Amino acid sequence: MILAIDLGSSQIKLLAMDGEGEVKWVEAVPYETEAPRPGWLQQDPFRWEAAMKEGFSRLAGKVDLKDVEVVSFSGHMSGVVLVDRDGRALYPCVMLSDLRSGQECKTLREIFGDELERATGNPLIQAFSLPKLLWLKHHEPQVYGKAFRWLPPKDYLRFCLTGEFGTEATDAWNSLCLDRDTRQWREDVIRESGIRRELFPQVGEPYEAAGRVTREAALWSGLREGTKVVFGGADMACGAVGNGLFETGESTLTLGTCATFLTMVEGIRRDAAGKITFHTHVLPGKMYGLGSHFNGGLAVNWLARLLSPDETVDYDEIARLSEEAGKVEPGSLGVLTIPFLAGSGSPHFDDRDRQMILGLSGAVTRAVLFRSQLEGVAYNLRETLEIFEGIVGERMERIVLGGGGVNVGIWPQIICDVFDRTFSQAQNPDASGVGAAYLGGYGAGIFSDLEAVSRKGLRIQRILGPIEENRRVYDEGYEAYRGAYGRWKG
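Everything numeric here is computed off the predicted structure, so don't read it as measured data. (Residues numbered from 1 in each chain as written. Predicted model: local features only at pLDDT ≥ 70, side-chain atom pairs only at ≥ 80, totals over all residues. Heavy atoms only, no water.)

Draft legend 1. Main features of the overall build of the protein chain. A count of helices and strands for the protein chain gives 17 helices and 22 strands. In summary, the protein chain has a C-alpha radius of gyration of 22 Å against a globular reference of 23 Å for 490 residues, a match within 12%. Projected onto its principal axes, the C-alpha positions of the protein chain cover 65 × 55 × 45 Å. A burial count over the protein chain gives 58% of its 490 residues as buried. For the protein chain, long-range pairs separated by at least 24 residues make up 72% of all intrachain contacts whose partners lie at least 6 apart in sequence. Counting only carbon and sulfur atoms, one obtains 48% of the accessible surface of the protein chain, whose full area is about 19200 Å². Where the 54 positive side-chain charges of the protein chain centre and where its 68 negative ones centre are 3 Å apart. (Helix = DSSP H or I, 4+ residues; strand = E, 2+ residues; numbered from the N terminus. Rg over C-alpha atoms; globule rule 2.2 N^0.38 Å. Buried < 20%, exposed > 50% of the residue type's maximum accessible area, 1.4 Å probe, protein only. Contact = heavy atoms within 4.5 Å. Areas by Shrake-Rupley, 256 points an atom, 1.4 Å probe, with all protein chains shown as cover. Lys, Arg positive; Asp, Glu negative; His and termini not counted. Charge placed at Lys NZ, Arg CZ, Asp CG, Glu CD.)

Next comes the structure, spelled out in C-alpha cells:
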C-alpha cells in the first residue's frame, strides 16, 4: 500500500493506493484560511497537523495502515512556514495569494534587477516565497530571529512524521532561489537578498527518501515505525504526474477556486514572463508553464451566491443556475462579463482589475448573467491558451479537464466551444494526491517507470468536442472581450 498526503488550500486528503496503482480510499478533512488584514491570507500549521491526525483516524477504519510501504506528500505551493529547532511553527503560513510583501518585491527588484526573471522566467512578485521571507525578516524580527528553518507547507507535515528538515526541487523552485540545472540553492541569491543561509533546508528530489516514520508518529498515525517517506512535490507538479503530463504541449485545465492551466514546455520563454509562470517538473530537465486564473470558481460561486434567493450557495443551487443558463443561447444575449473580482491573474496579473458586466437590458435574467459569467472566465482562459500555443509552436490537442468546476453542468462545453478544442475529462478528482502516490511508489521501487504508471492510471470519463455553430459565436465574443478589456485599461 502507498499513502499520499495532499495538503490543499482548504482541506487535507489522505489517499491510499495499492501496488497496482489503484486508489482504494480517500479521506478529506477541512480547515480554515485566515484573512486578518486586507490582502493577507494565512493558515495555522497546527490546524494542518490536527487535520492530518484526524485523517489518519478516519482512514484506520478503512485500510490497514500497517500495510503502508511508503508515504509521499503533495502541498499548496509558495507558502512559508518558519519553524524552530524542534520543528514547531513560529508563525502562521504566509500563503501563495498573500499580498503583504509588495514593498519587499520592490526591494528585491532594486537588488537583482531582471536577473531573477531571466534565470527563472518569473517576475519578482508576491506569489513567490523569497519576498515573503524578507517580509517576515522586516516585520516579525523576533519570530525571524528564533527561526531555525523555513519550510514549504507540505514539508512541515512531513517533518511531523519523520523529524527531518528538508524540501525538494519543485517547491524550492517557487522561492526563486533554486538553480535550474543543479536543482540546489543559489548561494548568491540567498546572500544578496539578506536572508540567513541556515534557514534554507536541504533540497532533494521529489521521489527520493526524506526520512522514516518516527516511533512517536507511528503511535498517533497507525503506521509502522520506520516506514519509508519520500519528499513528494508541489501540488501542481504532482497534478502533472497524476494527469500523465510529461511531454511538451500536454496540458491540464483544472477548474477550482483558482482555475489553473498547466502545460508542459521545453523551457523558459522570456516573451511569456509575467503572463504565465514557469516551474520545474518532478523529473529533472522537464518544465511546465502555469496559467493562474484567480477568478475561476471564485467568480462563479460569488455570482451564484448573489443570484440565489437567500444569498447562500451550494451545489444544488449552482446546478439549478447551470440548468437555467443552459437554455440561454451562446453569447448571453450580448451580455459580456469581464470576470475579475480580486484583480486578474494570467495573463495580466493586475490587482487593479475588477469585474464588469456590459450590455445589460431589461431582458436580462439571472440565467443570462450566470451564463455570461461562465463565458467570461472561459474567454480569460483562452488568453492563456494562445500564450501556450505560441510557446509550444503548434495547436494544442491534448488537454485534460478536471477540478470541481466540471460539475457545473454547461461550463465544460462552454470552455470547449470558446477554445475550439477537444477535451478529455478526467475521472479522477484527486490528481495531486494520485501524482504524489505515484512518486512514493516510484521512490520505493513499487513502480519501475513513473511515466508509464502515470499514463496507465489516467482514467477518462468522457471526451468533449466543440459545437461548430457555438464556436463562431464565441470567436466574436472573445474579440469583444479583448476589445472591452483593452479599452477599459486605456
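Draft legend 2. Main features of the pattern of salt bridges. Evaluated as defined, the whole model comprises 42 salt bridges. We note a salt bridge from Glu 317 to Arg 366, for which the minimum N-O separation is 3.1 Å. With Glu 317 in helix H12 (residues 315–325) and Arg 366 in helix H13 (residues 366–392), this pair connects stretches of sequence that are 49 residues apart. For Arg 366, a relative accessible area of 25% corresponds to the partly exposed category. Residues participating in the shared-partner salt-bridge network are Arg 382, Glu 386, Arg 395, Glu 397, Asp 420, Glu 468, Arg 471, Arg 472, Asp 475 and Arg 482. (Salt bridge = Lys/Arg side-chain N within 4 Å of Asp/Glu carboxyl O.)

Draft legend 3. Fine view of the pairing of strand E5 (residues 70–75). Taking burial as the measure, the six residues of E5 include six buried ones, the bulk of the element. Alternating residues of E5 divide into Val 70, Ser 72 and Ser 74 and Val 71, Phe 73 and Gly 75, and every residue in both groups is buried. Pairing geometry for strand E1 (residues 2–7) and E5, over six bridges, is parallel. By the bridge assignment for E5, Ile 5 is matched with Phe 73. Pairing analysis gives two bridges linking E5 to strand E12 (residues 228–230), with the strands arranged parallel. Paired with Val 71 across the two strands is Val 229, which belongs to E12. Two strands pair when backbone bridges link them, and E5 and strand E13 (residues 233–234) are joined in this way by two bridges, in the parallel orientation. Directly across from Ser 74, in E13, lies its bridge partner Gly 233. (Pairing = 2+ DSSP bridges.)

Draft legend 4. Representation of unusual backbone geometry in the model. Each neighbour pair has its own omega, and for Ser 346 with Pro 347 the value is -5°, a cis peptide bond. Looking at where Pro 347 falls in the secondary structure, it is placed in the loop between strand E18 (336–338) and strand E19 (356–358). Even without being a glycine, Ser 78 presents a positive backbone phi close to 70°. You can see Ser 78 is positioned in the loop between E5 and strand E6 (81–83). On the basis of relative accessible area, Ser 78 is assigned to the buried category, the value being 4%. Of note in this structure, Leu 333 is not a glycine but carries a positive phi near 55°.

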